[in-house]
Amino acid sequence: SPGIVQVTVTAGGQSVTQPLRIVPVAPGVFTLPGGFLYPVSSGQAGDLLTLYVTGQGPLAPGIATGTAPATSTPVAQLPQPVEPVQVTIGGVPATVLFAGDPSGLVGLTQVNFQVPSGVALGNQPLAVTVGGLPANVVTFTVNP
């Protein structure tokens, strides 16, 4: 459960106890070298693209730890984050078409989004939030 817990680490006969904050979500966006968005780091306004995050928190419907949805699971029945997922590019909100655990993959959420119009061309910050908590900001190149 979210809150503060005490964690004790023992090594070589010595123990250290420290508080650890547990949060409901701690999103992180997958990147390419140099901090560019993975798997596609560029696109044009209107393009439909995919990114991946981890740390999205609880899913509905829930699935057992370490398991993935069956490859035969219809998209509408794939587990989706309980908390809302939002994407912005260059500060402009992008439409999120789907956020959920893809069939056959464990521990990550696929986010399908549309590159918004009105974003400045060139390298832009792409920001993802889950439940209002920010992930790492990555670079996305907006092409003409």
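Here goes a summary of the coordinates provided.

Parameters and conventions
- Residues numbered from 1 in each chain as written.
- Predicted model: local features only at pLDDT ≥ 70, side-chain atom pairs only at ≥ 80, totals over all residues.
- Heavy atoms only, no water.
- Helix = DSSP H or I, 4+ residues; strand = E, 2+ residues; numbered from the N terminus.
- Buried < 20%, exposed > 50% of the residue type's maximum accessible area, 1.4 Å probe, protein only.
- Contact = heavy atoms within 4.5 Å.
- Patch = residues over 30% accessible without salt bridge, like charges linked within 9 Å, V, L, I, M, F, W, Y side chains within 5 Å.
- Areas by Shrake-Rupley, 256 points an atom, 1.4 Å probe, with all protein chains shown as cover.
- Salt bridge = Lys/Arg side-chain N within 4 Å of Asp/Glu carboxyl O.
- Pairing = 2+ DSSP bridges.
- Core = buried A, V, L, I, M, F, W, Y, C linked by side-chain atoms within 4.5 Å.

**So, the environment of Gln 6**
Alright, step 1. For Gln 6, the location among the structural elements is in strand β1 (residues 3-11).
Alright, step 2. Gln 6 sits in the exposed class, given a relative accessible area of 54%.
Alright, step 3. Distance from Gln 6 to Thr 17, taken between C-alpha atoms, is 6.4 Å for residues 11 residues apart in sequence.

**Quick look at the environment of Leu 59**
Alright, step 1. With respect to the element layout, Leu 59 can be found in strand β6 (residues 59-60).
Alright, step 2. Using a relative accessible area of 16% as the deciding quantity, one classes Leu 59 as buried.
Alright, step 3. Every residue in contact with Leu 59, bar those within four places of it in the chain, is listed here: Pro 79, Gln 80, Pro 81, Val 82 and Asp 101.

**Focus: unusual backbone geometry**
Alright, step 1. That bond from Tyr 38 to Pro 39 is cis: its omega, 5°, falls within 30 degrees of zero.
Alright, step 2. One can find Pro 39 in the loop between β3 (28-29) and β4 (42-43).
Alright, step 3. Note that the residue after Ala 60, namely Pro 61, is joined by a cis bond; omega there is -5°.
Alright, step 4. Here Pro 61 is to be found in the loop between β6 and β7 (80-81).

**Thoughts on the side chain of Thr 141**
Alright, step 1. As for its position among the elements, Thr 141 is in strand β13 (residues 138-142).
Alright, step 2. Every residue in contact with Thr 141, bar those within four places of it in the chain, is listed here: Phe 36, Ser 41, Ser 42, Gly 43, Gly 122 and Asn 123.

**Structural notes on a nonpolar patch on the surface**
Alright, step 1. Nonpolar side chains collect at one region of the surface, where Val 5, Val 7, Val 9, Leu 20 and Ile 22 lie side by side and expose about 350 Å² of accessible area between them.
Alright, step 2. If you tally residues by element for the nonpolar patch, the top one is β1, at 3 residues.
Alright, step 3. With respect to the helices and strands, Val 9 occurs in strand β1.

**With respect to the side chain of Gln 124**
Alright, step 1. In this structure, Gln 124 sits in strand β11 (residues 122-130).
Alright, step 2. Filtering out sequence-adjacent residues up to four positions away, Gln 124 remains in contact with Ile 89, Gly 90, Val 119, Val 138, Thr 139, Phe 140 and Val 142.

**A closer look at the pairing of strand β2 (residues 14-22)**
Alright, step 1. Of the strand pairs in this sheet, β1 and β2 are connected by 9 bridges, and their pairing is antiparallel. Its bridge partner lying in β2, Ile 4 is registered against Arg 21.
Alright, step 2. Linkage of β1 to β2, two consecutive antiparallel strands, is achieved through a turn of 2 residues, within which Gly 12 is found at a positive phi near 60°.

**Some remarks on the nonpolar core**
Alright, step 1. Judged by nonpolar contacts, the single largest core of 22 residues is most densely connected at Leu 51, Phe 113, Leu 126 and Val 128.
Alright, step 2. At the level of secondary structure, the elements contributing two or more residues to this core comprise β5 (48-54), β8 (85-89), β9 (92-100), β10 (109-114), β11 and β13.
Alright, step 3. Beyond its immediate stretch of four places on either side in the chain, Val 128 contacts Val 29, Leu 51, Val 53, Val 85, Gln 86, Val 87, Leu 133, Pro 134 and Ala 135.

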